[in-house]
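One letter stands for each residue in the lines below.
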Amino acid sequence: MPALRRLCQYTLDLFGAPAPVDSAQVAPETIANPRPSPTREEPAAVRLPLVPGQPLHQAIAPAAFTHPRANRQLSLGDAHVAYLFQRAKRRTIGFVVGPDGLVVRAPRWTSIAEVEAALREKASWITRKLGESRERLARQEAAHVAWEDGAELPLLGRAVRVALDPAHHFGAVGAQLDESGDDGTMPILRVGLPHTAAPEQIRDAVQAWLMRQARAHFAQRLDHYAGLLGVRWTKLSLSSAGTRWGSARSDGAIRLNWRLIHFREAVIDYVVAHELSHLRVMDHSPRFWDTVRSVVPDYAALRGQLKDDAIPRW
């Protein structure tokens, strides 16, 4: 079995390839933003009719995880896993758990028996990651926004309600946030569009407003943490990347995903501090994390919320 362990290589999640960069040095890793693609939902466990006196484990069917292009299947513990198996020009067996399910890649000379033995060895890890991926997708689906009058979405960690205002009873351009709201319980984002506006028009107007808020908020937080870290940022760009929250270049250029504006301020501060820390340490060595910790002591908990919190899918 030690030889088998040396043979296997495990990957937590599948993220997109990094975008091309120019000659300026870029931090070798960026904060990942896993953005699952739509896939078929399956229940984590199928509950059968209860029979008096029947043991509980007999009343609950095993969890089933099925990749949409699965070509092999295997029982791993109490779960049934149908996975996509591919032969590849590589020297190890690779496991990748993504939004579609499990993908296994192996060298051409590796037998199926060896592959299945490797899968069974890491059964608990695989089924746990498959369950987490499914739960993440379910949270994101639940956060879907119906772009209409009365739609709700998070802003800086709190819910706001969209209200179409065809008479444009406010002085700002495009939209304006009413902190008090109509009933004092939820802030209202008043958008200068008629009630006949198409969902795409509403979405685009709200997105434009959110991006303006994001740029202003990010710039203020960059100034704050740059002073604490003793670095200087030179340029702020907003991105809509589906696979990362931010990146930094050695010339001081910072790129942040505008959708961070959905998160509460402490989470945004972590991402800002993370990228600015790369202006001092362009890697993810212990020295880098010590730098982040010096200004955001609870960065580990905040980092986890980037994966756990459900935000709208745009």
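It should be noted that the structure appears before, not after, this text.
Residue positions within a chain follow its written sequence, with the count starting from 1. Local features in this predicted model are restricted to residues of pLDDT 70 or higher, and side-chain atom pairs are both shown and tallied only at a pLDDT of 80 or more, whereas totals for entire chains, interfaces and linings draw on every residue. Heavy atoms throughout the structure, all of them, feed into the side-chain values; hydrogens and water do not.

When the centres of two rings from Phe, Tyr and Trp lie within 6.5 Å, Trp using its six-membered ring, the rings pair. Their planes under 30 degrees apart give stacked, over 60 give edge-to-face, and anything left gives tilted. What the rule picks out here adds up to four aromatic pairs. With 5.3 Å between their ring centres and 90° between their planes, Trp 245 and Phe 263 make a pair best called edge-to-face. Within this pair, whereas Trp 245 is found in strand β13 (residues 244-248), its partner Phe 263 is found in the loop between β14 (253-257) and α6 (265-277), the two being separated by 18 residues in sequence. A ring pair is formed by Trp 289 and Tyr 299, whose centres lie 5.2 Å apart and whose planes are at 15°; its orientation type is stacked. Here Trp 289 is found in helix α7 (residues 286-295), whereas its partner Tyr 299 is found in helix α8 (residues 299-308), with ten residues between them in sequence. Secondary structure elements are defined from DSSP: runs of H or I of at least 4 residues count as helices, runs of E of at least 2 residues count as strands, and each element is numbered from the N terminus.

Let us now look at the side chain of Ser 237. Looking at the secondary structure, you find Ser 237 in strand β12 (residues 235-239). Only heavy atoms matter for contacts: two residues are in contact if any of them lie within 4.5 Å across the pair. If near-sequence neighbours (up to four positions away) are discounted, Ser 237 is found in contact with Ile 254, Arg 255 and Leu 256.

Positive phi outside glycine occurs at Leu 156, with the angle close to 50°. Counting through the fold element by element, Leu 156 comes out in the loop between β8 (152-155) and β9 (158-164).

So, on to the side chain of His 278. Within the secondary structure, His 278 is located in the loop between α6 and α7. In the analysis that follows, any N or O atom pair within 3.5 Å is treated as a polar contact, provided that within protein one partner can donate a hydrogen and the other can accept it, and provided that, for residues neighboring in sequence, both atoms belong to side chains. In this structure the side chain of His 278 is engaged in a polar contact, spanning 3.4 Å, whose partner is the side chain of His 274.

For the rest of this paragraph, the subject is the sheet that holds β9. Two strands make a pair as long as DSSP finds a minimum of two bridges between them. Read across the sheet, four strands follow the order β8-β9-β11-β10 without closing on themselves; strand pairing throughout is mixed. Sheet topology places β8 and β10 (175-178) at the edges, where each strand pairs with a single neighbour. Taken over all neighbouring pairs, the strand axes of this sheet differ in orientation by 35° on average, direction set aside. Angles run from 0 to 180 degrees between N-to-C directions of axes, and those axes are lines fitted to C-alpha atoms, restricted for helices to the stretch in contact.

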